[in-house]
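# Coordinates in review
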Amino acid sequence: SQTIHQWPATLVQPVGSPLSLECTVEGTSNPNLYWYRQAAGRGLQLLFYSVGIGQISSEVPQNLSASRPQDRQFILSSKKLLLSDSGFYLCAGQGLGEAFFGQGTRLTVV
Amino acid sequence: GENVEQHPSTLSVQEGDSAVIKCTYSDSASNYFPWYKQELGKGPQLIIDIRSNVGEKKDQRIAVTLNKTAKHFSLHITETQPEDSAVYFCAASIGGGADGLTFGKGTHLIIQP
């Protein structure tokens, strides 16, 4: 079965510090991969998607970046975190239509 | 791009009653419509999905209906139980397109004992 591993589950970081969230996929090859942010426990906002190694598309201008160094690895980064970067971040993969999600990372920037 | 509207934002029903959540979409090319259930502090989990060549799909107590002409689809949960309490998201996509799913804003379903 397809599985997304995402870590850490929670993270508290000071303003101005760097960020690296990692996501790995099992059970499928060459999936589309996504990073979503979920604010206030509700809507899912697409941040980045990738259709292959080294291919990143951004949906919204922001303080974050993404990279896909391997087929099953997707990384969300920031050089300097802002308070507004706080939120719940979800990695997702999509094979043949169905999307499957990781358990999310709760990021609090203080 | 695709736009998905979901209603209601909050739904409270008595245990044992039915719950219905409705979504509309804007892009007539969309042909895949999944529903996700998200429990507090966890990632969304797929509970049921439907493709555009089918009008209705059922899995035990949950069912999804699709009206392509009207561009709307609905989630039906019968005989609700306390463990059904969660946030539910509908989504739409064009055949698993590279830019993925467009989600509704979610419905917080509360099952009253």
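Sequence positions are assigned chain by chain, starting from 1 and proceeding in written order. Chains carry letters from A onward and ligands carry numbers from 1 onward, assigned in written order. Local features in this predicted model are restricted to residues whose pLDDT is 70 or higher, and side-chain atom pairs enter the listing and the counts only when it is 80 or higher, whereas totals over whole chains, interfaces and linings include all residues. Processing note: side-chain calculations cover all non-hydrogen atoms of the structure and skip hydrogens and water entirely.

All names here are of chain B. Pairing between two strands is assigned when DSSP locates at least 2 bridges connecting them. Strands here mean DSSP runs of E at least two residues long; helices mean DSSP runs of H or I at least four residues long; both are numbered from the N terminus. In spatial order, the strands read β1-β3-β8-β7-β6; together these five strands make up an open sheet with antiparallel pairing. The open sheet has two edge strands, β1 (4–7) and β6 (56–59), and neither has a second partner. Looking at each pair of strands side by side, their axes are set apart by 15° on average, direction ignored. The pairing of β6 with strand β7 (residues 62–67) spans four bridges and is classified as antiparallel. Residue pairing across strands places Lys57 opposite Val64, the latter belonging to β7. Whenever a helix is involved, its axis is fitted only over the stretch in contact; in every case the axis is a line through C-alpha atoms, and angles between N-to-C directions fall within 0 to 180 degrees.

Two rings from Phe, Tyr or Trp (for Trp, the six-membered ring) form a pair when their centres sit within 6.5 Å of each other. Planes less than 30 degrees apart are called stacked, planes more than 60 degrees apart edge-to-face, and all others tilted. Taken as a whole and assessed by the stated rule, the structure comprises 13 aromatic pairs over all chains. For the ring pair Phe101(A) and Tyr36(B), a centre distance of 5.3 Å and an interplane angle of 85° mean the geometry is edge-to-face. One end of the pair, Phe101(A), is in strand β10 (residues 99–101); the other, Tyr36(B), is in strand β4 (residues 32–38), on a second chain. Given the relative accessible area of 6%, Phe101(A) is considered buried. Taking the centre distance of 5.6 Å and the plane angle of 65° together, the rings of Trp35(B) and Phe73(B) count as edge-to-face. Of this pair, Trp35(B) sits in strand β4 while Phe73(B) sits in strand β8 (residues 72–77); the two residues are 38 residues apart in sequence, bridging distant segments of the chain. Only protein chains enter the accessibility calculation, which uses a 1.4 Å probe; a residue whose area is less than 20% of its type maximum is buried, one above 50% is exposed, and one in between is partly exposed. Residue Trp35(B) is classed as buried on the basis of its relative accessible area of 0%. An aromatic cluster is defined as three or more aromatic residues linked by ring pairs; in this entry it consists of Tyr34(A), Tyr36(A), Tyr49(A), Phe101(A), Tyr36(B), Phe89(B) and Phe103(B).

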